[in-house]
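Descriptive structure summary
Read off the chains here:
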Amino acid sequence: MAQSAIIKSIMRSINTLSPELIAKIAAGEVVERPASVIKELVENALDAGADQIDIELEEAGTKKIRVRDNGKGMHYDDLLLCYLPHTTSKISTDNDLISIRSFGFRGEALSSIAAVGFMTIKSRLKDQEFGHSLELNNGENITCKKIGMPIGTEIMVESLFHSTPARKKFMKDSKTELRIITEIITQVAIAFPAIGITLSHKNSLLKKEIILSVPAGQSLQNRIQSVLGQYLSEFLIPIQYESRYGSVTGYISKPQAAQQSKYHQYFYVNTRSVHDAALAKVLTESYGPLLEPRAHPPFVLYLTLPYESVDVNIHPRKEEVAFAYRYEIQNLISEAVAETLSKHNLIYTQNSRAIDMDPYTADFLKNTITPWNVKTIAEGEVLQIHNLYLLAQTEKGLLLIDQHAAHERILFEQFKEAFAQTRESQIVFELPEPLVFELSVKDTMVLDEHTETFKKIGFDIEAFGKNTFKLSVIPEIFKTRNLVQLIIEVLHDIHEGRGIKTIDRETERTLSYLACRSAIKAGDALESIEQKKLVDKLLLSDGLYTCPHGRPTHIEVSLREIDKMFKRH
Ligand code: ADP
Ligand code: MG
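For clarity, every value in this text was computed on a predicted model and none was experimentally measured.

Some thoughts on the packing of aromatic side chains
- By the definition in use, this model includes 6 aromatic pairs.
- Relative to Tyr 325, the ring of Tyr 245 has its centre 5.0 Å away and its plane inclined at 50 degrees; by these criteria the two rings are tilted. Placement of the pair is Tyr 245 in the loop between strand 9 (236-243) and strand 10 (246-253) and Tyr 325 in the loop between strand 15 (322-323) and helix 10 (326-343), with a sequence separation of 80 residues.
- Take Tyr 325: its relative accessible area is 41%, and that puts it in the partly exposed class.

Below, the structure written as structure tokens:
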């Protein structure tokens, strides 16, 4: 070690941080990205009793965020306090912490935001003729003046994170930030159907777009349709259930609406949107065998619980809560879901699942390819036992093969490849009449972002007004599909970064059904040449460990294991 480094290492190393740095660190917890600023400002507007909230953004909120509400406004004296750390009108004693009814309570949001952007706060109380405008720079009050303005509060935040480049670096591209913001506003819009909300955005070319606009005074049903779109809304079933611990209301969905992502799961505890993977899992599991593995039902679920039985003070951004009676709440949810599903006629759904076979794809494949069969080549030592399993010698030991599972998997791969090839050949089909469909606000944002991608894979989709799209051309191979469902599936794949799959779920099911039907059966006697051929094919292809249903196709038993069985160490 160099001399200077040694000296340095024995010098004292603890610093006292400056108040500015402390403020920035504290702000980091609350203000992670533009969406978190917007969440805090909108929650303040809700706490102020507003029934109209308008949000305007520039460059996904990084340049400017303006949130206006028609709530109760602030007194001049409060205005001069509200942006300071730990100032709140919502609680005053630690007793108040036991049953928090407001969104805010820590008095940290405005001070945190003020630490990372330029902030202007304008506010007018109901019985005053004018308001005040307070300008802050780096959390310091620079001016406060009297102004004319409507009743309520307007908070503007400019150049967010200008003083914290480290945080700015973590921002995603503006489309992603905008999508996260839209998600937050969607959550609020669903929780408060009576409140009017608009969200508009100007990009760097100053092009303004309205992302979401819902009027005040909507019914829950209308609100859900406005934000989640008609397609999804059609599958929703109302849920209402009560126990002594609380009540569950809202909507769950028919099994057939289940998706591979948890994209449309909205969960609220006393109108607060919260993430709770465990409770979402309980809900999903309550569907039992009605859902395929890894399928997630969309839902909008409101838990109403006594305020004292929920602790909201466990997460910096208040996205999670703790329950005094978690176990009982789990039961409440699973009973509610089971009862709701049992009362509903789901027979149609189950039937459609059982015969979920697309005749177009099936015919198409039958006519275009010759399924690989076991009756062509091969020689050698394979033994068939009980017309079920094949036994073969390998380099390391022996191989046990399930004849049906193995053949099924080989065929499945062959069908998949043939399907992908026809899709690649891009034969497109012009719909006799364009299909107009409506999506959720969130899906709309993803689709807007990716219409080009869809074009590349053969879908011609045009925006057609608010949340509505027009589909006129599709890949020929999808001619008989539920096209909206298909598009939503692809959207979710893109959104979750899975990339577009070469195959959609329905096709996969169809192909797996076809493979199962065309494969040799358990109980079929095979000639030795056929046995050999099946084994060779299985071993020559990579990764065919399981059949399309997940059962193993073959198991290798090593000589070492056999040696052990015979105690031959
Ligand atoms: P908290 O919401 O936890 O109280 P904030 O920092 O978000 O803390 O806000 C501080 C205080 O400023 C609030 O308690 C409230 O009195 C006042 N305030 C903030 N936003 C608004 C608003 N939109 N309308 C009325 N009062 C507001
Ligand atoms: Mg607040």
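As for the site of ligand 1
- The environment of ligand 1 is formed by 19 residues, the closest being Asn 44, Thr 88, Ser 89, Lys 90 and Gly 107.
- At 2.8 Å, a side-chain N or O of Asn 44 approaches an oxygen atom of ligand 1.
- Separating a nitrogen atom of ligand 1 from a side-chain N or O atom of Thr 153 is a distance of 3.2 Å.
- Relative to its unbound accessible surface of 530 Å², ligand 1 loses 94% to contact with the protein.
- Elements with a minimum of two residues in the shell around ligand 1: helix 3 (34-47) and helix 5 (109-116).
- Counted by class, the shell around ligand 1 contains 7 nonpolar, 8 polar and 4 charged residues.

Describing the pattern of salt bridges
- As enumerated under the stated definition, the model contains 20 salt bridges in all.
- In this structure, Glu 43 engages Lys 39 in a salt bridge whose closest nitrogen and oxygen atoms are separated by 3.1 Å. Linking Glu 43 with Lys 39, this pair stays in helix 3, spanning 4 residues, or about one helical turn.
- The class for Lys 39 is buried, based on a relative accessible area of 11%.
- With its nearest N and O atoms 2.9 Å apart, the salt bridge here joins Arg 409 to Glu 413. One end of the pair is Arg 409 and the other is Glu 413, both in helix 13 (residues 403-424) and 4 residues apart, which spans about a single turn.

Thoughts on the side chain of Glu 43
- Judged by its relative accessible area of 7%, Glu 43 is buried.
- Here the side chain of Glu 43 touches Lys 318 through a polar contact of 3.3 Å, side chain to side chain.
- Residue contacts for Glu 43: discarding those within four places in its chain leaves Phe 103 and Lys 318.

Some thoughts on helix 2 (residues 19-30)
- Given a rise of 1.5 Å per residue, 12 residues ought to cover 16 Å, and the 17 Å separating the end C-alpha atoms of helix 2 matches this to within 8%.
- Of the positions making up helix 2, those classed as buried are Ala 27, Gly 28 and Val 30. Buried residues of helix 2, viewed axially, fall in a sector of 160 degrees; they line one side.
- In this structure, the buried residues of helix 2 make contact with helix 3, helix 5 and helix 6 (165-169).

Notes on the packing of helix 9 (residues 277-285) against helix 10
- Where helix 9 contacts helix 10, the axes come no closer than 8 Å and their chain directions differ by 35 degrees. Handedness of the helix 9/helix 10 crossing: right-handed. Contact with helix 9, carried on its side by Ala 278, Leu 279, Val 282 and Leu 283, involves Arg 326, Ile 329, Gln 330, Ile 333, Ser 334 and Val 337 of helix 10 and no other residues of that element.
- Counted by class, the contact of helix 9 with helix 10 contains 7 nonpolar, 2 polar and 1 charged residues.

Quick look at the sheet that holds strand 3 (residues 118-124)
- With mixed pairing, the 8 strands of this open sheet are ordered in space as 5-4-3-6-2-1-7-8. Unpaired on one side and paired on the other, strand 5 (140-147) and strand 8 (208-214) mark the two borders of the sheet. With direction set aside, neighbouring strand axes in the sheet form an average angle of 10 degrees.
- Set on the sheet, helix 3 makes contact with strand 1 (52-58), strand 2 (64-69) and strand 6 (152-158); between it and strand 2 the angle comes to about 15 degrees.

A closer look at the nonpolar core
- With 63 residues, the main nonpolar core has Ile 55, Met 119 and Ile 121 as its most contacted residues.
- Ranked by the residues each element gives to this core, the list is headed by helix 7 (residues 174-191), at 8 residues.
- Residues Leu 447, Phe 469, Ile 474 and Leu 486 belong to the second largest nonpolar core, which totals 34 residues.

Calculation rules
- Residues numbered from 1 in each chain as written.
- Chains lettered and ligands numbered in written order.
- Predicted model: local features only at pLDDT ≥ 70, side-chain atom pairs only at ≥ 80, totals over all residues.
- Heavy atoms only, no water.
- Phe/Tyr/Trp six-rings, centres within 6.5 Å; stacked < 30°, edge-to-face > 60°.
- Helix = DSSP H or I, 4+ residues; strand = E, 2+ residues; numbered from the N terminus.
- Buried < 20%, exposed > 50% of the residue type's maximum accessible area, 1.4 Å probe, protein only.
- Near = heavy atom within 4 Å.
- Polar contact = N/O pair within 3.5 Å; in protein donor to acceptor, adjacent residues only side chain to side chain.
- Areas by Shrake-Rupley, 256 points an atom, 1.4 Å probe, with all protein chains shown as cover.
- Nonpolar A, V, L, I, M, F, W, Y, C, P; charged D, E, K, R; others polar.
- Salt bridge = Lys/Arg side-chain N within 4 Å of Asp/Glu carboxyl O.
- Contact = heavy atoms within 4.5 Å.
- Expected span 1.5 Å × (residues − 1).
- Arc of directions from axis to C-beta.
- Axes fitted to C-alpha atoms, helices over the stretch in contact; angles between N-to-C directions.
- Left-handed = near helix turned anticlockwise from the far one by under 90°.
- Pairing = 2+ DSSP bridges.
- Core = buried A, V, L, I, M, F, W, Y, C linked by side-chain atoms within 4.5 Å.

Function cannot be inferred from these measures alone, as they are strictly geometric.
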